[in-house]
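# An overview of the molecular structure
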Amino acid sequence: MKRFLFFTLLLLLGGAFLAEAMRSYPGYLLLTVGGDAGKRIEMNLWVAIGGLVLGILALFLAIWLLRSLARAIEGSVSRIRFGRSRMARRRLTNGLVEYMEGNWARARRLLLKSAARSDAPIINYLAAARSAFELGYRDEANELLAKAEATGDDTQLAVAISQARMQLLDKHYEQCIASLQRAMQEEPNHPALLQLLRQAYYHIGEWNGLRELLPRLEKHGTMPESQLQQLELEVYQNLLREAANRKDREKLREVWQSLNGRWQRNIELRNLYGEMLHKVGDDTEAEKHLRWILNREWRGDTVRLYGHLTGADANQQLSVADGWQKEYGENADLLTCLGRLCLRNEIWGKARQYFEKSLLLRSDPVTSAELARLLYALGEKEQAARLYEQGLLQAVSDLPQLPLPDQGTGMLSTKAS
């Protein structure tokens, strides 16, 4: 408010001073055009000064108007020229948002509309191809991948990865592997290619291929260490099973011997190797590996398998297993194993004792069958029949309660003991 009053007072003083100057110094301005004989223009000095000031103001106003008009025209041209590009960018952004949210139909539509004027059309075509794939338009997806590849010279890898992902989702594993192998000729250690190839190999059970891939996955992949360790274990397990299923004893040993010491000391893997050795009929070698395990830790599945083995020395096997009884105590699995080893050594009475002790600790149809078989061979057929009945009913424990003819204590009662 004070500033306004100050400027108002200043203008009033200026106006008064100007009026006094015009009254005190009237003067006039004489302009001659064309020499003495030319045209003469006379006017009041102050009128001339006012006209000059107005002329200068008019000139500045004209310049300002011209510049404003030029900027307006330039803006209109820019809007006409770049408006579609901005619209394309906006559609690309919206299309990618829809793509991330899984709204495939809307994403495909927005991405294709903006592809022609996009600054990076490969993004439009790749995302639109995946959207079309998710909608079930396989042919269109392939056409869009081809368009993506045609957008530049450095697009082959991105297109190959997108194509391989779609083939993997479609369970076309062989085609996926072929696509990835072509791409890996240029980028052999690309993390995305390695991960996709790992998944394709895993789905078809190509364990040899996975084994060759493991060093590159460890060096260049992005898998957590725990997952990589689990994958490596699965690869070796399946290679051992494949060799055993083909009854290829030499290949089985070759696979095992090719493992480094860390994996040969792995209890789970060594236990499987012993099981596969038994499967191919090499019980002597299997007995060494299972004994190595059980000398270090207790495993019920391992001791059960140990009782099935025909080692090089049956008496030594029995002695070793008896030592485990002293170390680990009486256990149903170990007692059954000891009973079998006694049978192998033809020690009938002790075998019977071990089987009976095992059944006291745990009802088990397998142990019942072993004891029944022994008793039948010893001539105790009635007791053997009861054990066969108990073992059968333990194995088939979900028989419904149904009325049966009254035959006293029959051979096959409906209740398991």
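Our subject is the structure listed above.
The text that follows walks through the structure, step by step, so that each part is easy to find. (Residues numbered from 1 in each chain as written. Predicted model: local features only at pLDDT ≥ 70, side-chain atom pairs only at ≥ 80, totals over all residues. Heavy atoms only, no water.)

## Notes on the packing of aromatic side chains
Counted under the stated rule, the structure contains six aromatic pairs. Centroid distance tyrosine 236 to tryptophan 263: 5.5 Å. Interplanar angle 75°. Geometry classified as edge-to-face. Of this pair, tyrosine 236 sits in helix 10 (residues 225-245) while tryptophan 263 sits in helix 12 (residues 261-264), and the two are 27 residues apart along the sequence. A centroid spacing of 4.4 Å and a plane angle of 5° characterise the contact between tryptophan 256 and tyrosine 273, whose relative ring orientation is stacked. (Phe/Tyr/Trp six-rings, centres within 6.5 Å; stacked < 30°, edge-to-face > 60°. Helix = DSSP H or I, 4+ residues; strand = E, 2+ residues; numbered from the N terminus.)

## Details of the pattern of salt bridges
By the definition in use, this model includes 17 salt bridges. Where lysine 357 meets glutamate 330, a salt bridge forms, and the shortest distance between an N and an O atom there is 3.4 Å. A residue pair is termed long-range when its members are at least 10 positions apart, and lysine 357 in helix 18 (residues 348-361) and glutamate 330 in the loop between helix 16 (314-328) and helix 17 (332-344) qualify at 27 residues. Overall, the relative accessible area of 36% leaves lysine 357 in the partly exposed class. Residue glutamate 330 is classed as partly exposed on the basis of its relative accessible area, which comes to 47%. Because the salt bridges share partners, they merge into one network encompassing Arg304, Asp333 and Arg362. (Salt bridge = Lys/Arg side-chain N within 4 Å of Asp/Glu carboxyl O. Buried < 20%, exposed > 50% of the residue type's maximum accessible area, 1.4 Å probe, protein only.)

## Things to note about helix 17
The first and last C-alpha atoms of helix 17 sit 19 Å apart over 13 residues, in line with the 18 Å expected at 1.5 Å per residue. Most of helix 17 sits inside the fold, with twelve of its 13 residues counted as buried. For helix 17, the complete set of buried residues consists of Ala332, Asp333, Leu334, Leu335, Thr336, Cys337, Leu338, Gly339, Arg340, Leu341, Cys342 and Leu343. Its side-chain oxygen placed 2.8 Å from the backbone nitrogen of aspartate 333, asparagine 331 serves as the N-cap of helix 17. Count one or two residues on from helix 17 and you reach glutamate 346, which has phi positive near 60°. (Expected span 1.5 Å × (residues − 1). Polar contact = N/O pair within 3.5 Å; in protein donor to acceptor, adjacent residues only side chain to side chain.)

## Let's talk about the packing of helix 13 (residues 267-279) against helix 14 (residues 283-294)
Think of two packed helices as two axes; the pair is described by the angle between the axes and how far apart they sit. With their axes 8 Å apart at the nearest point, helix 13 and helix 14 run at an angle of 155° to one another. Our classification of the angle between helix 13 and helix 14 gives roughly antiparallel. The element helix 13 and its partner helix 14 pack so that their crossing is left-handed. Along the contact surface, helix 13 presents Ile267, Arg270, Asn271, Tyr273, Gly274, Leu277 and His278, while helix 14 presents Asp283, Glu285, Ala286, His289, Leu290, Trp292 and Ile293. Across the contact of helix 13 with helix 14, the residue classes tally to seven nonpolar, four polar and three charged. (Axes fitted to C-alpha atoms, helices over the stretch in contact; angles between N-to-C directions. Parallel < 35°, antiparallel > 145°, perpendicular 65-115°, else oblique. Left-handed = near helix turned anticlockwise from the far one by under 90°. Contact = heavy atoms within 4.5 Å. Nonpolar A, V, L, I, M, F, W, Y, C, P; charged D, E, K, R; others polar.)

## Some words on the nonpolar core
Ranked by size, the top nonpolar core spans 73 residues in total, and within it Val235, Tyr236, Leu240, Leu252, Leu269, Tyr306 and Trp324 carry the most contacts. Per element, the largest residue contribution to this core is nine residues, and it comes from helix 10. With near-sequence residues (within four places) excluded, valine 235 lies in contact with Trp207, Leu210, Arg211 and Leu214. Counting 18 residues, the second largest nonpolar core, distinct from the first, contains Ala107, Leu111, Ala128 and Ala141. (Core = buried A, V, L, I, M, F, W, Y, C linked by side-chain atoms within 4.5 Å.)

## Focus: the environment of glutamate 287
Positionally, glutamate 287 belongs in helix 14. Of the residues examined, glutamate 287 reaches a relative accessible area of 6% and is grouped as buried. On a C-alpha basis, the gap between glutamate 287 and histidine 308 in space is 9.7 Å, while along the polypeptide they are 21 residues apart. Ignoring any residue separated from it by four or fewer positions in sequence, one finds glutamate 287 in contact with Tyr306, Leu309 and Gln317.

## Re the packing of helix 14 against helix 16
Two elements in contact, helix 14 and helix 16, have axes whose closest approach is 11 Å; the angle formed by their N-to-C orientations is 15°. Here helix 14 lies roughly parallel to helix 16, going by the angle between them. As helix 14 runs across helix 16, the sense of the crossing is left-handed. Here helix 14 contributes Glu287, Arg291 and Leu294 to the contact with helix 16, which in turn contributes Gln317, Val320, Trp324 and Tyr328. Of the residues belonging to the contact of helix 14 with helix 16, the class tally is four nonpolar, one polar and two charged.

## Description of helix 3 (residues 104-115)
With twelve residues, helix 3 extends 16 Å from end C-alpha to end C-alpha; this agrees with the ideal 16 Å at 1.5 Å per step. The complete set of buried residues in helix 3 reads Ala107, Leu110, Leu111, Ser114 and Ala115. Here the buried residues of helix 3 occupy an arc of 135° about the axis, which is enough to place them on one side. (Arc of directions from axis to C-beta.)

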